[in-house]
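# Descriptive structure summary
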Amino acid sequence: LRAVVDYLWEIALRIEDGDLSDAERALKAAQEALREALERGASDEEIAKLMQDLRAAMERMMRQLAEQ
């Protein structure tokens, strides 16, 4: 959990600095889509798909960070 918090802080700093990669943009978009779906009471199926999208975006981002 601590690693996730550190990771999200790093992303927040990059967003603030305007240095977003495609993987970071995809992750941010996936987070926003899930947040909006939760707020409007989306179906369980939609939430599950958005969670899967978020996991995939997080995996891409982690691979990118590992390469750096």
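Computed from a prediction, not measured in an experiment: that's the story for all the values here.

About the criteria used
- Residues numbered from 1 in each chain as written.
- Predicted model: local features only at pLDDT ≥ 70, side-chain atom pairs only at ≥ 80, totals over all residues.
- Heavy atoms only, no water.
- Core = buried A, V, L, I, M, F, W, Y, C linked by side-chain atoms within 4.5 Å.
- Buried < 20%, exposed > 50% of the residue type's maximum accessible area, 1.4 Å probe, protein only.
- Helix = DSSP H or I, 4+ residues; strand = E, 2+ residues; numbered from the N terminus.
- Axes fitted to C-alpha atoms, helices over the stretch in contact; angles between N-to-C directions.
- Parallel < 35°, antiparallel > 145°, perpendicular 65-115°, else oblique.
- Left-handed = near helix turned anticlockwise from the far one by under 90°.
- Contact = heavy atoms within 4.5 Å.
- Nonpolar A, V, L, I, M, F, W, Y, C, P; charged D, E, K, R; others polar.
- Salt bridge = Lys/Arg side-chain N within 4 Å of Asp/Glu carboxyl O.

## Observations regarding the nonpolar core
Membership of the largest hydrophobic core comes to 13 residues, with the highest contact counts inside it found for Leu27 and Met61. Counting only elements with at least two residues in this core, the list comes to α1 (2-17), α2 (22-39) and α3 (44-67).

## Structural notes on the environment of leucine 38
Tracing the backbone shows leucine 38 in helix α2. The exposure class of leucine 38 is exposed, given its relative accessible area of 54%. For the pair leucine 38 and leucine 50, spaced twelve residues apart in the sequence, the C-alpha separation amounts to 9.9 Å.

## Quick look at the packing of α2 against α3
The description of two packed helices rests on the angle between their axes and on the distance between the axes. Where α2 contacts α3, the two axes come as close as 9 Å, and the packing angle between them is 160°. Put simply, α2 runs roughly antiparallel to α3. Judged by the sense of rotation from one axis to the other, the crossing of α2 with α3 is left-handed. Here Ala23, Glu24, Ala26, Leu27, Ala30, Gln31, Ala33, Leu34, Ala37 and Leu38 of α2 come into contact with α3, specifically with Glu46, Ile47, Leu50, Met51, Asp53, Leu54, Ala57, Met58, Arg60, Met61 and Gln64. Of the residues that constitute the contact of α2 with α3, the class distribution is 15 nonpolar, two polar and four charged.

## Some thoughts on the pattern of salt bridges
Using the criterion set out here, one finds five salt bridges in the structure. Residues arginine 35 and glutamate 39 are paired through a salt bridge, measuring 2.5 Å at the closest nitrogen-oxygen approach. One end of the pair, arginine 35, and the other, glutamate 39, are both in helix α2, four residues apart, so they sit about a helical turn from each other. Residue arginine 35 is classed as partly exposed on the basis of its relative accessible area of 37%. Note that lysine 49 and aspartate 53 form a salt bridge whose closest N and O atoms lie 2.8 Å from each other. Taken as a pair, lysine 49 and aspartate 53 lie in helix α3 at a separation of four residues, close to a single helical turn. Connected via shared salt-bridge partners are Glu32, Arg35 and Glu39.

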